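# Breakdown of the fold
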Amino acid sequence: MAIYQETDAVAGSTQKAMKVRYTAKTHTSGGRRGGVSRSDDGRLYVRFSAPGVSRTGTNPEQLFAAGWSACFISAMGVMANRMKVKLPADAAIDAEIDLCNSGDVYFLLGTS
């Protein structure tokens, strides 16, 4: 497990160490138009297609929305436990990830 610590050279203070709990590793080839991605543990294999294309596969924005919403529900569960509140078993998140551009710059915006 890696541990990172940032030091403020000006003030001489040290912030709390950050521990990396997990590192996801994938190998992706071909990009969003017909590419594939595999995780190093073999549990994920996905074919890509661009948004709006009828080809078999999912687009990266959908994967990002799925991952974001799963992490968000987990974070709500952690906070509910800390507050001694029971998170409903049917808790769900609707996430939207927008692929945007402004001139030559592309970026994602998300809501949940």
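Scroll up a little and you will see the structure.
Quick look at the structure, then. What you see is a predicted model, and the numbers here were worked out from it, not measured in a lab.

Further remarks concern the overall build of the chain. For the chain, the helix and strand inventory stands at one helix and nine strands. Reading the helices (α) and strands (β) of the chain from amino to carboxyl end gives β-β-β-β-β-β-β-α-β-β. As displayed, the chain has an accessible area near 9,100 Å², and 54% of this comes from carbon and sulfur atoms.

Turning our eyes to something else, we now look at the sheet that holds strand S6 (residues 36–39). The three strands are arranged S5-S6-S7 in an open sheet whose pairing can be described as antiparallel. Edge positions in the sheet fall to strand S5 (26–29) and strand S7 (45–47), since each has one partner strand and no second. With direction set aside, neighbouring strand axes in the sheet form an average angle of 10°. Both S6 and S7 contribute to a ladder of three bridges, which runs antiparallel. Note that in S7 the partner of Arg38 across the bridge is Tyr45.

The grouping of Phe64, Trp68, Phe72, Leu99, Tyr106 and Leu108 at the surface amounts to a nonpolar patch, some 620 Å² of accessible area in total. Where the nonpolar patch is concerned, the elements lending two or more residues are helix H1 (60–82) and strand S9 (105–111). A relative accessible area of 58% means that Tyr106 is categorised as exposed.

Looking down a regular strand, the side chains alternate between one sheet face and the other. Bridge count between strand S8 (residues 96–102) and S9: seven bridges; the pairing is antiparallel. Bridge pairing in S9 places Glu96 opposite Thr111.

The next point concerns unusual backbone geometry. In this structure, Lys84 is a non-glycine residue whose phi angle is positive, near 60°. The topology assignment puts Lys84 in the loop between H1 and S8.

Before going further, it helps to examine the environment of Gly67. Within the secondary structure, Gly67 sits in helix H1. Considered as a pair, Gly67 and Ala95 are 28 residues apart in the sequence and their alpha carbons are 9.7 Å apart.

Bridging between S5 and S6 involves four bridges; their strand directions are antiparallel. Bridging from a neighbouring strand, Ser29 pairs with Val36 of S6. The antiparallel pairing of S5 with S6 creates a hairpin that spans six residues between the two strands, and Gly30 there sits at a positive phi of about 90°.

Analysis parameters
- The numbering scheme is per chain: residues are counted from 1 as the chain's sequence reads.
- Under the rules for a predicted model, residues below a pLDDT of 70 receive no local features and side-chain atom pairs below 80 are neither given nor counted, while totals for whole chains, interfaces and linings still include all residues.
- No hydrogens and no water enter the side-chain calculation; it runs on all heavy atoms of the structure.
- A run of DSSP states H or I qualifies as a helix once it reaches four residues; a run of E qualifies as a strand once it reaches two. Both are numbered from the N-terminal end.
- The Shrake-Rupley method, run with a 1.4 Å probe, gives the accessible areas here. Residue values count only the displayed protein chains as cover.
- Between any two strands, at least two bridges found by DSSP are needed for them to pair.
- Fitted lines through C-alpha atoms serve as axes, helices being fitted only where they are in contact, and the angles separating the N-to-C directions of these axes extend from 0 to 180 degrees.
- Each patch is built from residues that are more than 30% exposed by relative accessible area and take part in no salt bridge. Like charges join if they lie within 9 Å; nonpolar side chains (Val, Leu, Ile, Met, Phe, Trp, Tyr) join within 5 Å.
- Note on definitions: salt bridges are taken to be side-chain nitrogens of Lys or Arg within 4 Å of carboxyl oxygens of Asp or Glu.
- Throughout, exposure labels follow a simple rule: accessible area from a 1.4 Å probe, protein chains only, divided by the maximum for the residue type, with under 20% read as buried, over 50% as exposed, and the rest as partly exposed.

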